[in-house]
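If you want the building blocks of each chain, they are given just below.
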Amino acid sequence: MRILLDKFTKKFDDTVVINDMDLEIKDGELMALLGPSGCGKSTTLFSICGIYQCSGGRILFGDRDVSNVSSQQRNVGVVFQNYALYPHMSIYENIAFPLMVKKMDAAQIKKEVHAIAKLVHIGDLLERRPSQLSGGQQQRVALCRALVRRPDVLLLDEPLANLDAKLRLEMRSEIRRIQQETGITAILVTHDQVEAMSMCDRIALMDEGKVLQVTTPNDMYHNPQTDFVASFLGNPPIAFLEGEVAGNQVLLNGSQLKVALPSSIRQPDNGTKVRLGVRPELVGTDRGNAVAGRISFIETQGRENLYDLTLDNGAVLRSIQAVRSDISMGQTANWNIDTERVLVFDTNGQRLL
Amino acid sequence: MSNENSRNFKSWPVTIILTVFSLPILVMYLYLVVDTFTNTEPGSLIPNEFTFEHWRFLWETEPGRVSIWTATLNTLIFASVMTALVLSVSLTAGYALSRLNMPYRRFFLGGVLTLHAFPTVTLVIALFIVLQMVGLYNTLIGVIFIKAALMLPFGIWVMKGFYDTVPWEIEMAGVQDGASRFMVWHKLVLPQIKPGLIALGVFSFLEGWSEYVLPQIFTPDADVQVLSVYLASLIADDQNFDFNLFKSIGLFYIMPVIVLYLLFQNKLMNIYGGGSKG
């Protein structure tokens, strides 16, 4: 079901947390609300499920305005960060609870619970108690319980935050699989850009109660509209170089180094101050223009190494390259920047195109 | 647990020291039991005859005195009705203070805490006047209300502590699953605070069972006497002084306490842990 936030506003007393937010989640889509902590993403989630009352604007499920509908009537499934399983009930009873509340008959409940448990691969755990399950299994149970009612929308609040690294990888693909198999519209709240990029159809990047950009993970990575968006996505993160436009080049501040502007952008006036966003994979390539610097840090990542290249003005470029034995700390290097793919921002952080 | 703990020190010195210090109390308890079944020559420590005569109060009532069974029934009614009152109010009030965003919440919290520390005896005269005015003086109902009211701050505070340990996400999950607030409380929250409920129930019952001052002041008459008052009137009577009878009734009086305590001792410890899971 399509979910629409229309000029949605949320205040706590006099503090405005979300102001005039517009966001559309398409039918069957997995949308990530991504942002740093305190950006209002969880507030938005809890307002969609009805735990918080909206202070202004509308929330629409399909064509139904649910802004003033109680949580119980909204038909939303929520998976909480700590799973919130009912500790005194067996897994079966946990999953059956939403159906029991609906006064569905026992045979039907049994059928539905077994069907959903099979889909989520916990069919053999139904007799256990939540405390007897691992984190990943509890997560699956929470998913089951949220899905068993066939909600209009599934809300996931940091579902992977309490899992260890290996389980996180596993559950990432599991949640995606289950979401796709059920075809449910889902919203995932996360502060982890890797999670958002790897699982979701689209990402809404939020900061300070505003949605900065809504697009596909791929597009957001390659075409961020602001430097904040650019810095939020990508691991290791993007590096910024400050400078002034001189012809079709940028003269870096406090340095004689020049970096060519991408030919695709509209040429800014000479003397315009700009920020160049350089992703680690653009440094140390075989084309573009070379900059000289000193290797100030090497981080082993296994297949690749991450090198920090400190320029003569103190700015640091990151470079991710296949492991090479010819480079050591403190050594100078002259590496190419693939300037055609460098992102250019003005001093307000807006992308120059 | 005791095995693991005793690994880094020897346990027998501790046992010996504790035994030595507990011995006087143990001897006293031993004599309490022994004396109720025996007679002892004056000046002797060793009993010389076995008898059930000290337990005669169970089947015969001395003239001018109320039957032990009436007093027991009164005590039972007093303790259990008071417990029921304390439980039902603490359960709901504790939830409200822990979860609901109600006006003057802080004021109520502070009030409960202050009343908890309030010495009962200072209220006696005022309560006496109130009971006289509403006509509940010398009735069990009256003293039940008073005892329950004085227990409530403690009960509410304890229950609030237990409610605080239930994560709010569980309630939110219940609401999302379509359950009403009442159903969430009843089906999801209540089962998790059950240890607290049991502990508070047993604790209130024991408090009621052993209460002396309030019934002595507010229900002194024979037909509404509770056991503690009955026992006190026995020792106050210097016409026929019977220490062994006094001991027997005393033993009769503490037996339910010991049984309850043995049954629920683990649960009672919860009350001081505030319900947190260890």
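Just so it is clear, the structure is predicted and the values come from calculations on it, not from any experiment. (Residues numbered from 1 in each chain as written. Chains lettered and ligands numbered in written order. Predicted model: local features only at pLDDT ≥ 70, side-chain atom pairs only at ≥ 80, totals over all residues. Heavy atoms only, no water.)

## Overview of the confidence of the model for chain B
Reading predicted coordinates in detail is not appropriate for stretches of low pLDDT. Residues and elements named next belong to chain B. On average, residues of chain B carry a pLDDT of 86, and 94% of them reach 70 or more. Element-level pLDDT for chain B is lowest in helix 1 (residues 2-5), with a mean of 50, against a maximum mean of 93 in helix 3 (residues 68-99). Under a pLDDT of 50 for its full length, residues 274-278 has, in the predicted model, seven contacts with residues more than four places off or in other chains. (pLDDT = per-residue confidence, 0-100. Helix = DSSP H or I, 4+ residues; strand = E, 2+ residues; numbered from the N terminus. Contact = heavy atoms within 4.5 Å.)

## Considering the packing of helix 3 (residues 91-101) of chain A against helix 5 (residues 135-147) of chain A
All names here are of chain A. Relative orientation of the contacting elements helix 3 and helix 5 amounts to 25°, with a least axis distance of 7 Å. As far as their axial angle goes, helix 5 and helix 3 are roughly parallel. For the crossing formed where helix 3 meets helix 5, the hand is right-handed. Residue-level contacts link Ile-91, Asn-94, Ile-95 and Pro-98 of helix 3 to Val-141, Cys-144 and Arg-145 of helix 5. A per-class count over the contact of helix 3 with helix 5 returns five nonpolar, one polar and one charged. (Axes fitted to C-alpha atoms, helices over the stretch in contact; angles between N-to-C directions. Parallel < 35°, antiparallel > 145°, perpendicular 65-115°, else oblique. Left-handed = near helix turned anticlockwise from the far one by under 90°. Nonpolar A, V, L, I, M, F, W, Y, C, P; charged D, E, K, R; others polar.)

## Overview of the sheet that holds strand 16 (residues 289-300) of chain A
Residues and elements named next belong to chain A. Pairing is antiparallel in the open sheet, where five strands are placed in the order 15-19-16-17-18. This sheet does not close on itself; its edge strands, each paired only once, are strand 15 (283-285) and strand 18 (316-322). Neighbour-to-neighbour, the strand axes of this sheet turn through a mean angle of 55°, independent of strand direction. Where strand 15 meets strand 19 (residues 332-337), two bridges bridge the pair, whose relative direction is antiparallel. Note that in strand 19 the partner of Val-283 across the bridge is Ile-337. (Pairing = 2+ DSSP bridges.)

## Some remarks on the interface of chain A and chain B
Each partner contributes to the interface: chain A provides 21 residues, whereas chain B provides 18 residues. On the chain A side of the interface with chain B, the three residues burying the most area are Gln72(A), Tyr86(A) and His88(A), jointly 29% of the side's total. Along the contact surface separating chain A from chain B lie one salt bridge. On inspection of chain A and its partner chain B, the count reaches seven residue pairs in polar contact (both at pLDDT 80 or more). Taken together, the elements giving at least two residues each to the side of chain A that touches chain B come down to helix 1 (41-49), helix 2 (71-74), strand 6 (76-79) and helix 3 of chain A. Take the side of chain A that touches chain B: its biggest share by element is four residues, from helix 3 of chain A. (Buried area = accessible area lost by both parts, 1.4 Å probe. Salt bridge = Lys/Arg side-chain N within 4 Å of Asp/Glu carboxyl O. Polar contact = N/O pair within 3.5 Å; in protein donor to acceptor, adjacent residues only side chain to side chain.)

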